[in-house]
Amino acid sequence: MQKFREKLADEQELIGALSNMVMEIYAMESCLLRAQKAATTRGEAATALMQDAARVFIADAMERVEHEAKRAIAAVNDGDMLTTQMAVLKRFGKRATVNTIAMRRNIAAAVQAQDRYPFESK
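Keep in mind that what you see is a predicted model, and the values were worked out from it rather than measured.

Engineer: I'd like a rundown of the side chain of Glu24, residues and numbers included.
Structural biologist: If you trace the backbone, Glu24 turns up in helix H1 (residues 12–42). Classification of Glu24 by relative accessible area gives buried; the value is 18%. Discounting chain neighbours no more than four positions away, the residues touching Glu24 are Phe57, Ala61, Arg64 and Val65.

Engineer: Tell me about unusual backbone geometry, and please be specific about residues and values.
Structural biologist: One non-glycine residue, Asp115, adopts positive backbone phi at about 55°. Looking at the secondary structure, you find Asp115 in the segment after helix H4 (100–114).

Engineer: Describe the packing of aromatic side chains, with residues and values.
Structural biologist: Summed over all chains, the structure comprises one aromatic pair. Geometrically, the ring pair formed by Tyr117 and Phe119 is edge-to-face, given 5.2 Å between the ring centres and 85° between the ring planes. On the basis of relative accessibility, which here comes to 13%, the residue Phe119 falls in the buried class. Above the ring of Phe92, the side-chain terminus of Arg91 is found at 4.7 Å from the ring centroid.

The rules behind these values
- Residues numbered from 1 in each chain as written.
- Predicted model: local features only at pLDDT ≥ 70, side-chain atom pairs only at ≥ 80, totals over all residues.
- Heavy atoms only, no water.
- Helix = DSSP H or I, 4+ residues; strand = E, 2+ residues; numbered from the N terminus.
- Buried < 20%, exposed > 50% of the residue type's maximum accessible area, 1.4 Å probe, protein only.
- Contact = heavy atoms within 4.5 Å.
- Phe/Tyr/Trp six-rings, centres within 6.5 Å; stacked < 30°, edge-to-face > 60°.
- Lys NZ or Arg CZ within 6 Å of the ring centre and 35° of its normal.

Laid out in structure tokens, this is it:
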């Protein structure tokens, strides 16, 4: 807003990057809340697979958010300010690394073993 003011409507790529981030964050929150609710209701052990699926989704979504944030920051800043903003993004974007390959294999094995979507109630 500070850079473009009234001309922000002309910055469709920037608006697109921002809206993509908002949608990803909303989806991550929904996924996390659903997994937390299931864990509270049915217990941690019974929902371990769902928790793994949530972790995989959130890890992937965070990569997409970070990509969009880099695009947006680069569109708005240059020079020292760009370097500073990228450093801030890196600091705020720190997260634990998870083994999504192993989790995906575990989820796939459960789908194959059950021959159905493994997260629906029986």
